[in-house]
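A closer look at the structure
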2 protein chains.
Amino acid sequence: DRQRVISEGSLDHARAWMDKVGWTGNFMIGAATGPAEHRGREFADSEVYKLIEAMSWETGRNNDPARKREIDELVALIGGAQEKDGYLNTAYGRPGQAPRWSDLEWGHELYCAGHLLQAAVADTRVHGPGPLLEIARRTADHICETFGADGSTGICGHPEIEPALVELYRVTGERRYLEQARLFVERRGHQTLAPHQFGWSYFSDDIPVRAATVLRGHAVRALYLACGVVDVAVETGDDELLTAVKNQFDRTLARRTYLTGGMGSRHMDEAFSDDFVLPSDRAYSESCASVAAVMLAWRLLLATGDARYADVIERILYNVVATAIEDDGRAFFYAHSLHQRTPTRALPDDEEQLGFGGGPRAPWFEVSCCLPNVSRLLASLSTYLAVADDEGLRIMQYADATVDTRLADGRRVALETTTAYPHDGDVTIRITATDGGEWPLTLRVPAWADGATVTVGGVPEPVTGTLTLRRAFAAGDEIRLHLPMAPRFTSPDPRIDAVRGCVAVERGPVVYCAESPVGEPLGDLDLLRVDPGRAPADGDEGVEVWGGLAAATDATWPYDEPVGDDPPLGLIRLLPYHRWARRGPATMRVWLPTVQSPRARSTDG
Amino acid sequence: DRQRVISEGSLDHARAWMDKVGWTGNFMIGAATGPAEHRGREFADSEVYKLIEAMSWETGRNNDPARKREIDELVALIGGAQEKDGYLNTAYGRPGQAPRWSDLEWGHELYCAGHLLQAAVADTRVHGPGPLLEIARRTADHICETFGADGSTGICGHPEIEPALVELYRVTGERRYLEQARLFVERRGHQTLAPHQFGWSYFSDDIPVRAATVLRGHAVRALYLACGVVDVAVETGDDELLTAVKNQFDRTLARRTYLTGGMGSRHMDEAFSDDFVLPSDRAYSESCASVAAVMLAWRLLLATGDARYADVIERILYNVVATAIEDDGRAFFYAHSLHQRTPTRALPDDEEQLGFGGGPRAPWFEVSCCLPNVSRLLASLSTYLAVADDEGLRIMQYADATVDTRLADGRRVALETTTAYPHDGDVTIRITATDGGEWPLTLRVPAWADGATVTVGGVPEPVTGTLTLRRAFAAGDEIRLHLPMAPRFTSPDPRIDAVRGCVAVERGPVVYCAESPVGEPLGDLDLLRVDPGRAPADGDEGVEVWGGLAAATDATWPYDEPVGDDPPLGLIRLLPYHRWARRGPATMRVWLPTVQSPRARSTDG
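Residues numbered from 1 in each chain as written. Chains lettered and ligands numbered in written order. Predicted model: local features only at pLDDT ≥ 70, side-chain atom pairs only at ≥ 80, totals over all residues. Heavy atoms only, no water.

**Observations concerning the interface of chain B and chain A**
What counts, and what does not: It only takes one pair of heavy atoms within 4.5 Å for two residues to be counted as in contact. Throughout, the accessible surface (probe 1.4 Å) given up by two parts as they are put together, summed over both, is called the buried area. When a carboxyl oxygen of Asp or Glu lies within 4 Å of a side-chain nitrogen of Lys or Arg, that pair is called a salt bridge. Polar contact is defined as a pair of N or O atoms within 3.5 Å, subject to the rule that within protein one atom must be able to donate a hydrogen and the other to accept it, and that residues adjacent in sequence are counted only when both atoms are side-chain atoms. A helix here means a DSSP run of H or I that spans at least four residues, while a strand means a run of E at least two residues long, and both kinds are numbered starting from the N terminus. Following the grouping adopted for this structure description, the nonpolar residues are Ala, Val, Leu, Ile, Met, Phe, Trp, Tyr, Cys and Pro, the charged ones are Asp, Glu, Lys and Arg, and the polar ones are all others, Gly among them. Any two strands between which DSSP finds at least two bridges are classified as paired.
Contacts between the two partners involve 66 residues from chain B and, on the opposite side, 66 residues from chain A. Carbon and sulfur atoms make up 53% of the area that chain B and chain A hide from each other, which totals about 5,500 Å². Together, B:Arg495, B:Trp557 and B:Tyr559 form the three largest contributors to the area buried by chain B at its contact with chain A, with a combined 13%. At the boundary of chain B with chain A, the tally comes to eight salt bridges. Note that A:Asp554 and B:Arg495 form a salt bridge whose closest N and O atoms lie 3.3 Å from each other. Remark: the boundary between chain B and chain A carries 16 residue pairs in polar contact (both at pLDDT 80 or more). Contributing elements (two or more residues each) for the side of chain B that touches chain A: α9 (239-255), α11 (308-324), β12 (488-492) and β18 (559-560) of chain B. Residue classes in the side of chain B that touches chain A are distributed as 27 nonpolar, 18 polar and 21 charged. As paired strands, strand β18 (residues 559-560) of chain A and β12(B) are joined by two bridges and run antiparallel to one another. Residue A:Tyr559 lies in a different strand from β12(B), and its bridge partner there is B:Pro492.

In structure tokens form, the structure reads like this:
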């Protein structure tokens, strides 16, 4: 469904805007032909590459020949801008521009090259080797010559080249790409980038990768780097490196991640803050950080086999990625506030937005990485559903799907999953083909799914955590997984000051929120109080809780006596967080303050 | 005491740094003599002017001839940099520099000129008219010619020229300065400055001054503008304008101000956030915003006679201004966090700091407005103690002081206040001279002083709010004011999510905090829980509350079940917030989470 939106809306929308603001045009200037008038920010090239990556995955899904022609035309354009020695960036090195590699901190040259490589990898995986792969190889070779063991010891202010080089190595088998990625990873953390107001941590250049204990600084930078670190660790068999980055991500999940799975709580430097600093109203939770977090969780899922990372992917997909894009695919959130205090306001369709905070989904931003980035993720979503392991098959995400693949030993397996998940929690998996013999089928049971059951033929049996069924499955066999979908209250770690004294409501993997659209007011959400003693329940039009609006207590000075009485309570309707800001200007909050005297405490922790 | 620190430490320290980083040297280049190599930011001139203002007030207090010579030398330097037509700015207009007035949004030219005028006003008030006043008048005349009714309709991105022109009008009687200030005030709010990522509200250019309902955008900009608005309103008798700005400040106090009186809760744009967005850990609460807030509160106190504004001044002085400067006057806070989660770290004495957030007091910043700005406030502190009104005398702040003045009708009045305030709450006011006859003496009773008494000769009598004694005082008469200083718990407005479920402790006007220095650990302050059912009390070494450390509940995911049991409680020592970060690296918090089951709720609200 979301994929169709991307296909039918976002890709054309993004292409049209990139033409309008000149980002595709930058490539037309051609190499070394007079002073360039580069348009857009220094990383504009990368958005074109991300768009090509999204288009490639999308054509793999729907085989659209018109889209394939569009890709080919863009690739030709890009090839024309490549220098003879392989260098390719429209913002540097031409007459009138700053020299190549003269601003590693902010120039984004290696970052752009990384996205070029990723686009080439996607194009190659879908369509086989072609001109884009050649362009990417020439670029990668040039980078290896410039930044190799005997070359410059620099690193890029914005990581991205690291995972890209490993991905290109996987597609081409060229080990120097892997070695170059390894060099970039080991060089980081030695404070070689120029100091800046935001500190070296902004670039993850404060502490060597092996010594760091948590992700920090600019969230997208830190997460892309971590992806590259996992890639290097896995491909070189470096367990120490893998453990380091796994521990960093685990602590980030435990202490620096929003309930939605969103990451980054500072607007100023788009950064992770200290542990437990997770304000709802000033949440940053950038769309691109979520794309990067899915990429990282996916890598750690594959590297460790721990299904907890699939829980993380699910949480981010349903609560950040699904929230980011307008229903028509033509407007999007850059940042994801969990608490909108003043009503969002309508934005004109044809204006580039300068700011990233609050507000409704916008058609385009001066820095418009989210749309192509989310598009490339959504277009490749199907790859996250299932994974073949050493012996069998693991189903990691639940959606209507067919899987037809071969096990590690070459036996063919095909199955079909049917479900209305996450609307309800019943998933039916029907084996449609098998070459016979025993093999293990692993099903993820999310951590929140207390009371899950599985039925294989006979009686439902309780399951917790990952479930592995090892059988000689036959075509027609059905496995029915039941995940309880009753809405539930969730309490925050008490060290998160920002949401102390509040509860959130979740239903399956979906986070809910209270929304108060202007005109049909629930009222001032800052005065909403809910009773955590009465469980939330499915109502006719969404999840309902017991709550009410406290009396406003306006005073000339807001610090004085404790608060007054609890308000009278009634049923309050909540909606999925990913559905907010789709009904016009509204206020919203995910974390709901509780009444002082709940009906009965639901404490069991 | 603080004034002595400024005099003996800060002024020399600031001068030495301004020489070192080239800000004073900028003036040596001389007008129109070849390409300038301007050093520092575009507003560096203003820091030199603020320093001269501070030095001027300081010489008025201590009559230091060496300091007076230093001022004269700086003035001569500045005079040499003034252009023939009166224009004076070292960063614009010379060969190799951007043209004059070419960047009203960010150039700070009118802002710098405003601080020049303020320095001249201080110099003139203390030493009488001299060369600096002449420089200032030529500058002001040039501005009136350039931006007058027939000139450019521009405004400055950073307000400051507005109050400065009115102050210069007051010193010189030149009405065109007042008229120019009025023009600048009326022109603002019509979105004439170029759009920016932060929006027009950043410049207070989003809504006309008369229509706005609250201060918004960049805090210092908004507060300086408001000062100018009050000045214009008072001098032109414009009650509508006065009411507008009074209402804006009142709502700002009720909804956008920290317990300390600090203002501005966003790092990104150094701005006010939405109502009730007041995070402790990411508080910005810039030193300069507090200087500006004192200036504004003082103007509204004079304009309205409402002693509430003197409460605000007292709160800011004891909890932000007193916090800003190191005991030796040679290091300072730019921003004032109310919650330091990770230990502050020692900083080298000789390094200019790039960032403004968290951390200990620093010797110097790339943007070092706080030190000269706080210095000019502290050096002029005595002006805030007492004020003559239409008939009598009002004592607004309590400190050891002598007042010797004339009432509006010309009668001489002298008095002496003796107090250890705010350590204790006894203030003795002794009339030392009077020309006889009845006159009113007004004493501020702070809003927090429940149970205050006054003794005039005989028995103590209870007082609330402002107290006016109208008598024929005689020399030797004593008035004894008693303000109860028992420490007390304060609760936040429940709409401030950031500190929900917490209490703060105040004692008189002083906000307290828990500090956990590294090495002598109270422990992890994020786990501290206090019992709001047992009142805080004065202990041997500070204020004590009942509290304890909750068990850490580390989990892989921080959102799950409600918190566990309350910790065992003991006495926890607190210290005044303005004393924090003076014992080496430490964590700190002002707002203290409460236990779930207090001994007895102290609710009476």
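**Concerning the pairing of strand β4 (residues 401-406) of chain B**
Residues and elements named next belong to chain B. Looking at chain direction, β4 and strand β5 (residues 412-419) are connected through six bridges and run antiparallel. Bridge assignment links Asp-404 to a residue of β5, and that residue is Ala-414. Between β4 and β5, which follow one another and run antiparallel, lie five residues, and Gly-410 among them has a positive phi close to 100°.

**Some words on a negative patch on the surface**
All names here are of chain A. The line we're drawing: Patch definition: residues with relative accessible area over 30% and no salt bridge; like charges joined within 9 Å; nonpolar side chains (Val, Leu, Ile, Met, Phe, Trp, Tyr) joined within 5 Å. In short, Shrake-Rupley with a 1.4 Å probe defines the accessible areas, and a residue's cover is counted only from the protein chains shown. Counting rule for charge: Lys and Arg are taken as positive, Asp and Glu as negative, and neither His nor the chain ends is counted. Where a charge lies is defined by one atom per residue type: Lys uses NZ, Arg uses CZ, Asp uses CG and Glu uses CD. Partly exposed residues are those whose accessible area sits between 20% and 50% of the maximum for their type, while under 20% is buried and over 50% is exposed, using a 1.4 Å probe and protein chains only.
On the surface, a cluster of negative charge is contributed by Asp-328, Asp-349, Asp-350 and Glu-351. Assignment of secondary structure puts Glu-351 in the loop between β1 (339-340) and α12 (370-379). Residue classification places Glu-351 among the partly exposed positions, given a relative accessible area of 43%.

**Points about the pattern of salt bridges**
Two side chains that carry opposite charge are able to pair once their charged atoms sit near each other. Within this structure, the stated rule accounts for 114 salt bridges over all chains. A salt bridge links A:Lys246 to A:Asp250; the shortest N-O distance between them is 2.7 Å. Here A:Lys246 pairs with A:Asp250, and both are found in helix α9 (residues 239-255), just four residues apart, close to one helical turn. Relative accessible area serves as the criterion here: at 15%, A:Asp250 is assigned to the buried category. In this structure, the salt-bridge partner of B:Glu326 is B:Arg361, at a minimum N-O distance of 3.9 Å. Taken as a pair, B:Glu326 in the loop between α11 and β1 (339-340) and B:Arg361 in the loop between β1 and α12 (370-379) lie far apart in primary sequence, 35 residues in all. The same class applies to B:Glu326 as to B:Arg361, namely buried. In the salt-bridge network here, residues are joined through shared partners; they are A:Arg251, A:Arg255, A:Arg256, A:Asp275, A:Asp493, A:Arg495 and B:Asp554.

**A short note on the domain arrangement of chain A**
All names here are of chain A. Quick reminder of the rule: Note that domain bounds follow an automatic or database assignment of domains.
Examined at the domain level, chain A breaks down into domain 1 (2-384), domain 2 (399-482) and domain 3 (488-593). The C-alpha centroid of domain 3 is placed 37 Å from the C-alpha centroid of domain 2. Contact with domain 2, which involves four residues of that partner, is made by five residues of domain 3. Summed over both partners, the interface of domain 2 with domain 3 comes to about 390 Å²; 58% of that surface belongs to carbon and sulfur atoms. Three residues stand out in domain 2 for area buried against domain 3, namely Pro-422, His-423 and Trp-448, and they jointly supply 92% of the buried area on that side. One can count zero salt bridges joining domain 2 with domain 3. Counting every contact that joins domain 2 to domain 3 gives two residue pairs in polar contact (both at pLDDT 80 or more). Looking at side-chain class alone, the side of domain 2 that touches domain 3 contains three nonpolar, one polar and no charged residues.

**Description of the packing of helix α8 (residues 219-236) of chain B against α9(B)**
To describe two helices that pack against each other, one gives the angle between their axes and the distance between the axes. Residues and elements named next belong to chain B. Inclusion rule: The axes are straight lines fitted to the C-alpha atoms, using for helices just the contacting stretch, and the angles between their N-to-C directions are given from 0 to 180°. For classification purposes, angles smaller than 35 degrees are called roughly parallel, those larger than 145 roughly antiparallel, those between 65 and 115 roughly perpendicular, and all remaining angles oblique. Should the near helix be turned anticlockwise from the far one by less than a right angle, the crossing is left-handed, and should it be turned clockwise, the crossing is right-handed.
Contact geometry of α8 with α9 gives a least axis separation of 8 Å together with a crossing angle of 150°. When the axis of α8 is compared with that of α9, the two are roughly antiparallel. In the packing of α8 onto α9, the handedness of the crossing is left-handed. Within the contact between the two elements, α8 uses Leu-223, Ala-226, Val-229, Val-230, Val-232 and Ala-233 and α9 uses Leu-241, Leu-242, Val-245 and Phe-249. Of the residues in the contact of α8 with α9, the class split is 10 nonpolar, no polar and no charged.

**Focus: the relation of the copies chain B and chain A**
What counts here: What sets the superposition is a least-squares fit of C-alpha atoms, and only residues with pLDDT of at least 70 in both copies go into it.
Each copy superposes on the other: chain B lies on chain A with an RMSD of 0.0 Å after a rotation of 180° and an axial shift of 0.0 Å. Classification of the inter-copy transformation places it as that of a two-fold axis. A shared interface surface links the copies, since 100% of the contact residues of chain B are contact residues in chain A too.

**Side note on unusual backbone geometry**
Residues and elements named next belong to chain A. In this structure, Pro-422 follows Tyr-421 across a cis peptide bond, with omega equal to 0°. Secondary-structure assignment places Pro-422 in the loop between β5 (412-419) and β6 (426-434). The residue Asn-63 is not glycine, and still its phi comes out positive at about 55°. Among the secondary structure elements, Asn-63 is positioned in the loop between α2 (44-62) and α3 (65-80). Residues other than glycine seldom take positive phi values, yet Glu-270 does so here, at roughly 50°. Summarising the element assignment, Glu-270 is placed in the loop between α9 and α10 (287-304).

**Things to note about the pairing of strand β8 (residues 453-456) of chain A**
Residue and element names in this part refer to chain A. Alignment of β8 against strand β9 (residues 461-462), held across two bridges, turns out to be antiparallel. Counterpart to Thr-453 in the pairing with β9 is Pro-462. Hairpin connection from β8 to β9: four residues lie between these consecutive antiparallel strands, with Gly-457 at a positive phi of about 80°. Both β8 and strand β11 (residues 478-482) contribute to a ladder of four bridges, which runs antiparallel.

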